[in-house]
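# A structural walkthrough
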Amino acid sequence: MKRIALLLSPLVILVTPIIDAFQGVYIDPRSDAGYAVIACIAIFGLTLGMIASLCYKWGAVGNVITAGTLAITLFLFGDLSYGLFWKLGEHIGTWGAAALALAGLVVLTLTLFKLMAAVPRMMAAFAVALLGSTILDRGLITEASAEESAPAVIYIVTDEMIGISGIDTRLPHGAEAKAALLQVFQKYGFRLHSKAFSRHVLTQVSVPAALNMDYSYNFPGDRSHYAFPGKVTTFKELSLFDLWHQQGLAVTVFQSAHLDYCQTEIKVDCHTFASFDGTRFLERQRIEGGPYRDVPPATAALADVKALVDGNRRSFAMAAVGVAASNMLGTFETELQEWHPRSYDQLAFPYWLEQFQNTILDKGRGNAFFGHFLFPHSPAVYDKDCKPTNRWVSRSYLTEVRGLVGQKLDEARAEEYGFYFAQTLCLAKQLDKFFNAVVSDKRFQDATIVVHGDHGSRISAGRNVETMSPRDYVDNYSALYAIRKPGVEMGTDYSLHSIQWLNASLFRGNVPEVAPTVVASMQGESDEPAVYAPITDPDHVAIMPMHGFDASH
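Residues numbered from 1 in each chain as written. Predicted model: local features only at pLDDT ≥ 70, side-chain atom pairs only at ≥ 80, totals over all residues. Heavy atoms only, no water.

## Overview of the nonpolar core
- Counting residues in hydrophobic clusters, the biggest one holds 58 residues, and the most contacted among them are I154, F185, F356, F373, F434 and F435.
- Looking at this core, the elements that each hand over two or more residues are β1 (153–158), α7 (174–187), α14 (349–363), β8 (367–373), α15 (406–439) and β9 (448–452).
- In contact with F435, other than residues within four places in its own chain, are V184, F185, Y188, F190, S440, I449 and V451.
- Among the nonpolar cores identified, the runner-up in size contains 37 residues, and A196, A210, F235 and L502 belong to it. (Core = buried A, V, L, I, M, F, W, Y, C linked by side-chain atoms within 4.5 Å. Buried < 20%, exposed > 50% of the residue type's maximum accessible area, 1.4 Å probe, protein only. Helix = DSSP H or I, 4+ residues; strand = E, 2+ residues; numbered from the N terminus. Contact = heavy atoms within 4.5 Å.)

If you want it as structure tokens, here you go:
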């Protein structure tokens, strides 16, 4: 019995990272890549098990190997049950889940003590202590120890998420998407600014303007004076991070590899997603069509293996498989990554939102959590049930990019919005799960939670004044903005405000409606909410009024 336990223990140890990696990148375990990873891990685990089972009677060395193997097995069983513990807690409460976990712990302990008659009981007790600390960490310890900390701040940017009143309910899935978002934010007590909009159509200008609470009109062209130029946009000043730091909050950042929020003077705990710029891939797909075109199946499978490994870098075994896959890919790795849709930020969004959630629950109060997620950003890779569509098509600027006009433009806009709203329904489902986990925790009842888009869907004729119609202003600039904070009344606000002004109002207090640096040449009245509308000359911009809008455009 002991030999059997030792033979299988290493294999069990490796179950946790495999499950985590498959869930993280949504790769079918029955695919070629799935079989390859499972086979490698199985061989590796069984080899270790055979060594442990053959030498467990070798005196002191055998006892150490036996105790170490079983202790790690026990610990990782606990790690796996950690996620199960919180899923049970959603249905039967934290204390009910804790009671079941403790009952399971007793049964597992008795079983292991029976198996470990030849192993010092002290080692077994140490393993049990590790398991107990894993299961009880959040529910029974951190909640009590963090009561006196400052309320948390949770700040999420949902890239390309159009505002509630900007959703055209006449388009496919439009009414359904609007209803789903309304239901989620109302369910958790948010105040929705239905007609919120961004002053900027570009992320690298819109987000730093929001984080610096800058709603003025002094931005030149497509550039932001808060960012350093370069292949990866790096932000040099983020006033909100400074403000949170002054309030005694530690700042945690979740970001893509395209925008770097971690290089400011304020020290942050930085988490960067494995991601890449898919522009070349999308352009090739548009011209030639079909995912994996010109990519040999075996090479694509190797890239899947590497993506699986990237799903859990902390596992020694997965890292070993990753090194092998990278060596086999050789010099083709970079080129293949540009082709391979598994690396998309959008596809990994559910996994990263869950990691964001787990970090929040781990750290608790006294922290500010910032996450910028490229979702429901183009391309629309998920259907409304969050199942991959294997569709990789860019949807932005249909006249400027695709050259569509007239009826073809209208048909393409309706089609692309159908896919966009389906992905928005997936976003609503993911936010519902996230809010359920966070808001139901007593430590976050008084947290400030902000969720906003950086600009509109950009499913429009174009971004330049020369190609924009009145409808395009809504498609490009309407942006989600929702706030949950003690003292802020839940409901829907239909006033016309920019997300930059709303942030200044929320975090700074009473601020004037129009900043004092309004450009004199602005069209219309100077007190009208306005947007930056780029022109074909990238060094210049037109400042245009943002008129009122609703779902019918």
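Still more to cover.
## What about the pattern of salt bridges?
- A complete count under the given rule lists 11 salt bridges for this structure.
- Put simply, D432 and K187 hold a salt bridge, and the shortest N to O gap is 3.2 Å. Here the residue D432 occupies a position in helix α15, and K187 occupies one in helix α7, the gap between them amounting to 245 residues.
- Note on D432: relative accessible area 25%, which makes it partly exposed.
- With a shortest N-O distance of 3.6 Å, R191 and D493 are connected by a salt bridge. Here R191, found in strand β2 (residues 191–193), pairs with D493, found in strand β11 (residues 491–493); they are 302 residues apart in sequence, far enough to count as distant. (Salt bridge = Lys/Arg side-chain N within 4 Å of Asp/Glu carboxyl O.)

## Observations concerning the sheet that holds strand β4 (residues 233–235)
- Taken in spatial order, the 3 strands of this open sheet run β3-β4-β6, and their pairing is mixed. Every interior strand has two partners, whereas the edge strands, β3 (227–228) and β6 (259–260), have only one.
- Sheet topology note: the β3/β4 ladder contains 2 bridges and is antiparallel. For A227, the partnering residue across the bridge sits in β4 and is F235. (Pairing = 2+ DSSP bridges.)

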